[in-house]
Amino acid sequence: MVVLASPRPAPITLAAAYIAGADIFLCVGGAQAIASMAYGIKAQQDGGVAVPPCDVIVGPGNKWVTAAKSIVNGHCGIDMLAGPSEVLVIADKTANPEVVAADLIAQAEHDVVARAILISDNQDMIQQIDQAVQQQMASLPEPNQSTAREAFQQSFSVLCESIDQCIEISDAIAPEHLEIQTVDAMEVGMRCANYGGLFVGESAAEVLGDYGAGPNHTLPTGGTGRYTGGLSVFNFLRIRTYMRIDNAKDSQSMVDDSIRMARLEGLEGHARAAEARSLTKTPAYKIAKQL
């Protein structure tokens, strides 16, 4: 069963949920939505639909959603604890300053704590992009403009000695979105190791990843791209293992190894359980019984 939650769903959101095959749509958001999905809701006497406790909760949200997901984690699974959204652009002297500026603004309008980061090996390009940001911001409508201006207060640019150093700094930050706008952009992108989503070349705008093509919209933030990836079908799959031994004789070397390892760890019960499968050794519990 699939449960979706959105406090004020637009008609297009409801249509998307229907097409995707959602079973229940909760018109609630924030921590309340997380609690409803984690713990479930009993059916009401007036005929309201019961919401079963969910096995896994995924998707982005504000700081209250993130805090709630941290609380229910363990009671159910979650995808990640996503922080403020961020973009990092690696640009050289061939980049289009107006395009880079537009992408930085697009990120900054997300939230007052969003981060738009520029890394370049060319001082003139940094200045041109900064000027383009100021010019484009002047015509951005409210409240987007005020939000973006505040976000830019904690955003920054870095002048590097080379593209190699740009890559090194980018990998240390491990941004949610990484744009490469350089000569040989694909080659540069393939040398980057840590990011949520990679957008190669001037045409590959991060906003297209949001609305038109993968990578998806839920990606690791705050440096967590160093060890995890974005939301995907794998979040809904489980790795389950099983063991079957049909030939006891062929498994004796493994039985002997297990006996030794168990006693080296001081786990005598484990050793005796392995000895019970041995074709050559008498289990210690039988020897003790004879004595």
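Residues numbered from 1 in each chain as written. Predicted model: local features only at pLDDT ≥ 70, side-chain atom pairs only at ≥ 80, totals over all residues. Heavy atoms only, no water.

Undergrad: Go over unusual backbone geometry with me, naming the residues and quoting the values.
TA: Phi is mostly negative for residues that are not glycine, and the peptide bonds are mostly trans. Omega for the bond connecting Glu142 with Pro143 falls within 30 degrees of zero, at 5 degrees, which places this linkage in the cis form. With respect to the element layout, Pro143 can be found in the loop between α5 (123-137) and α6 (144-152). (Helix = DSSP H or I, 4+ residues; strand = E, 2+ residues; numbered from the N terminus.)

Undergrad: Give a detailed account of the nonpolar core, specifying residues and quantitative values.
TA: Ranked by size, the top nonpolar core spans 21 residues in total, and within it Val89, Val100, Leu104, Leu118, Ile129 and Val133 carry the most contacts. For this core, the secondary structure elements donating two or more residues are β5 (86-91), α4 (97-108), β6 (115-120), α5 and α6. No other element matches the six residues that α5 contributes to this core. If sequence neighbours within four positions are ignored, Ile129 has contacts with Ala91, Pro97, Val100, Ala101, Leu104 and Leu118. Formed by 15 residues, the second largest nonpolar core is a distinct cluster that contains Ile119, Ile173, Val188 and Cys192. (Core = buried A, V, L, I, M, F, W, Y, C linked by side-chain atoms within 4.5 Å. Buried < 20%, exposed > 50% of the residue type's maximum accessible area, 1.4 Å probe, protein only. Contact = heavy atoms within 4.5 Å.)

Undergrad: Provide a residue-level description of helix α7 (residues 163-173), including the pertinent values.
TA: For α7, the set of buried residues is Ile163, Cys166, Ile167, Ser170, Asp171 and Ile173. Projection of α7 onto a plane perpendicular to its axis shows the buried side chains occupying an angular sector of 160 degrees, all on one side. Away from its buried face by more than 90 degrees, α7 exposes Glu168 and Ala172. Those residues of α7 that are buried lie in contact with β5, β6, β7 (156-159), β8 (177-181) and α8 (185-191). Where α7 terminates, the next one or two residues include Ala174, which has phi positive at roughly 55 degrees. (Arc of directions from axis to C-beta.)

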